[in-house]
Amino acid sequence: MATIFFTEPELVVGHGRRVLFVNPDDMQIFKEIELPPDLGLKTPAQVQAEAPSSAVEQGSGSCPPDGNEQQLATAAVAAGGGVKQPEATASGSSSAATIKVEVPTAVQNVAYSPDGQLLAVTTSGGQKALLLYRSRPENARLLSARPLARAASALRFCSDSSSVLVTDKTGDCYQYDCVEVEATPRLLLGHLSVVYDILWTEDQQHIITCDRDDKIRVTNYPATFDIHSYCLGHREFVSGLALLTDQHIASASGDKTLRVWNYIQGKELLLHELPAPAVRLLVRPLEPENVFQAAVLFYDHVDALGLYRLERSSDESWSITATQLVRAEAGSWIISNFTLTENRIYITGAENERLSLRVYDMVTGQRTSSGVPEGWLEMVLERLGATDKHAPPFIPEDLSVWFKKRFDNVSDYLERKKRRIEEQQQQKCG
């Protein structure tokens, strides 16, 4: 996955093992992060090898391992691969060799804390982990590397930057402390399907999550066993959420709708039909709490992006007052992500299984080089390793699996019943 977002004055792009922080208006690179070769996480083989000795030590009265060691062991993840050699059997023969394909560790999600002092990075592949960095103007210092049991799907800091939420592809949401970095993560809530986005309100009273099963859930915090409300109405996966005010959120879905909700009451305030399923949502304020720009990435459509001006006329009245569709050469490459600056759209995707980064004008929607320094795109791709011929291919996630598989057993039953009746009538006539 290629992650990209803009936070003044940095454009942040993550791909492979690197995260780049660049100035979109000149050739300045603010800082650069490269994942360590070894994140220090225990592999399942190491955990299994240590298990007998740990049992003996505990049986002899020694002290159990500390909390950090237990955490690393219980949440151990696969790190690297290799080839398992044939094992000799009692009869002298050997079992078949098992081939394990090595999956490279790569950047999955990146997020800045609200105070700009911390940076959270989740990784996928060989070593699934949450990395916490102390962010400084010219570098980033690694504070902790904590294992994840499963690949992360979303990432969100709380408003005071004291902790970060990580959701995974089984629907669980964990809270990780950013002050006591060795503290055991706390399981807050769970869904029955993958969680695609998560919000944490400014007052930290509510955690809002959306999932593949059409639901938007509002959970009270810290009493996360108590569900405050649901925002129900979507008929397909809910791919993105955005906080508009202290009572309102926007959501985008695979059911081709953009909606606004009063999440306190679980009440739908606006339903706007989209030309195609929505797989990404980005909202930025134009006038705080009243006017917003909502950008939606479409799935499998002639236009790649939709830009919508979202306005509030009263507390419970919202409307779309302007719409712009951006083609972005959809169909000629596989688009995976995007972000917005004041006057440009930056889109990442795959072309010939290599990372591509393109820039489009916000007003015209056309590909542009105006304001983009000469050689800037080439510099970014080179620093991310996208031009390396030996780099692994970049294949964006197959989003077709987000859609529900629907089975129509009734039609099949009715067809069989019709044939059976016809056969019975033919037998009577004969």
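No experiment lies behind these values; they were computed from the predicted model shown.

**Student:** How should I be thinking about the overall build of the chain in this particular structure?
**Tutor:** Helices and strands together make up the secondary structure of the chain, namely 4 helices and 29 strands. Counting over 430 residues, the chain shows a buried share of 47%. Put simply, of all contacts in the chain between residues at least 6 apart along the chain, 45% involve residues at least 24 apart. A total of about 21500 Å² of accessible surface is found on the chain, and carbon and sulfur atoms cover 49% of it.

**Student:** Any chance you could explain the pattern of salt bridges here in plain terms?
**Tutor:** When their charged atoms lie close together, side chains carrying opposite charge are able to pair. Within this structure, the stated rule accounts for 18 salt bridges. Linking E34 and R18 is a salt bridge whose minimum nitrogen-to-oxygen distance equals 3.9 Å. Placement of the pair is E34 in strand 4 (residues 29-34) and R18 in strand 3 (residues 18-22), with a sequence separation of 16 residues. For E34, a relative accessible area of 48% translates into the label partly exposed. You can call R18 partly exposed: its relative accessible area is 25%. Bridged by salt links that share partners, the residues E329, E351, R358 and R367 form one connected network.

**Student:** Explain the pairing of strand 11 (residues 152-157) to me, please; I cannot follow it from the model alone.
**Tutor:** Regular strands place side chains that alternate from one sheet face to the opposite one. Among the 6 residues in strand 11, 5 count as buried, and that is most of the element. The pairing of strand 11 with strand 12 (residues 163-168) spans 5 bridges and is antiparallel. Among the inter-strand pairings, A152 is bridged to a residue of strand 12, identified as D168.

**Student:** Explain the side chain of T245 to me, please; I cannot follow it from the model alone.
**Tutor:** Structurally, the position occupied by T245 is in the loop between strand 19 (238-243) and strand 20 (248-253). You can call T245 buried: its relative accessible area is 5%. Engagement of the side chain of T245 in a polar contact is seen with the side chain of H248, the distance being 2.7 Å. Apart from the residues within four sequence positions on either side, T245 is in contact with Y263, E289, R312 and W318.

**Student:** What's the story with the nonpolar core in this structure? I'm lost.
**Tutor:** Burial of nonpolar side chains together is a common tendency in soluble globular proteins. By size, the foremost hydrophobic cluster in this structure holds 33 residues, and its most contacted members are I208, I216, L241, I249, I345 and I347. For this core, the elements supplying multiple residues, two or more each, are strand 15 (195-200), strand 16 (206-211), strand 17 (216-220), strand 19, strand 24 (291-298), strand 25 (305-314), strand 27 (334-340) and strand 28 (344-351). A per-element tally of this core places strand 27 first, with 3 residues. When neighbours within four sequence positions are excluded, I216 is seen to be in contact with I208, T209, C210, S229, Y230, C231, H234, V238, L241, I249, S251 and W261. Residues L258, V260, A278 and W318 belong to the second largest nonpolar core, which totals 21 residues.

**Student:** So what exactly am I meant to see when it comes to the confidence of the model for the chain here?
**Tutor:** The predicted coordinates ought not to be read in detail in places where the model reports low pLDDT. Residues of the chain with pLDDT of at least 70 account for 84%, and the chain-wide mean is 86. Contacts of residues 51-96 to residues separated by more than four positions or lying in other chains number 56 contacts, the stretch itself having pLDDT below 50.

**Student:** Just checking my understanding: could you explain the sheet that holds strand 28 for this structure?
**Tutor:** Consider a sheet: its strands pair through backbone hydrogen bonds, and that pairing is either parallel or antiparallel. If you trace the 3 strands from one edge of the open sheet to the other, you get 27-28-29, paired in antiparallel fashion. Every interior strand has two partners, whereas the edge strands, strand 27 and strand 29 (354-361), have only one. Direction aside, neighbouring strands of the sheet carry axes that sit 25 degrees apart on average. Note that strand 28 and strand 29 share 8 bridges and pair antiparallel. Residue pairing in the sheet places Y346 in a bridge with V359 of strand 29. Across the sheet, helix 3 (residues 376-383) is in contact with strand 28 and strand 29; its angle to strand 29 comes to roughly 150 degrees.

Cut-off values and rules
- Residues numbered from 1 in each chain as written.
- Predicted model: local features only at pLDDT ≥ 70, side-chain atom pairs only at ≥ 80, totals over all residues.
- Heavy atoms only, no water.
- Helix = DSSP H or I, 4+ residues; strand = E, 2+ residues; numbered from the N terminus.
- Buried < 20%, exposed > 50% of the residue type's maximum accessible area, 1.4 Å probe, protein only.
- Contact = heavy atoms within 4.5 Å.
- Areas by Shrake-Rupley, 256 points an atom, 1.4 Å probe, with all protein chains shown as cover.
- Salt bridge = Lys/Arg side-chain N within 4 Å of Asp/Glu carboxyl O.
- Pairing = 2+ DSSP bridges.
- Polar contact = N/O pair within 3.5 Å; in protein donor to acceptor, adjacent residues only side chain to side chain.
- Core = buried A, V, L, I, M, F, W, Y, C linked by side-chain atoms within 4.5 Å.
- pLDDT = per-residue confidence, 0-100.
- Axes fitted to C-alpha atoms, helices over the stretch in contact; angles between N-to-C directions.

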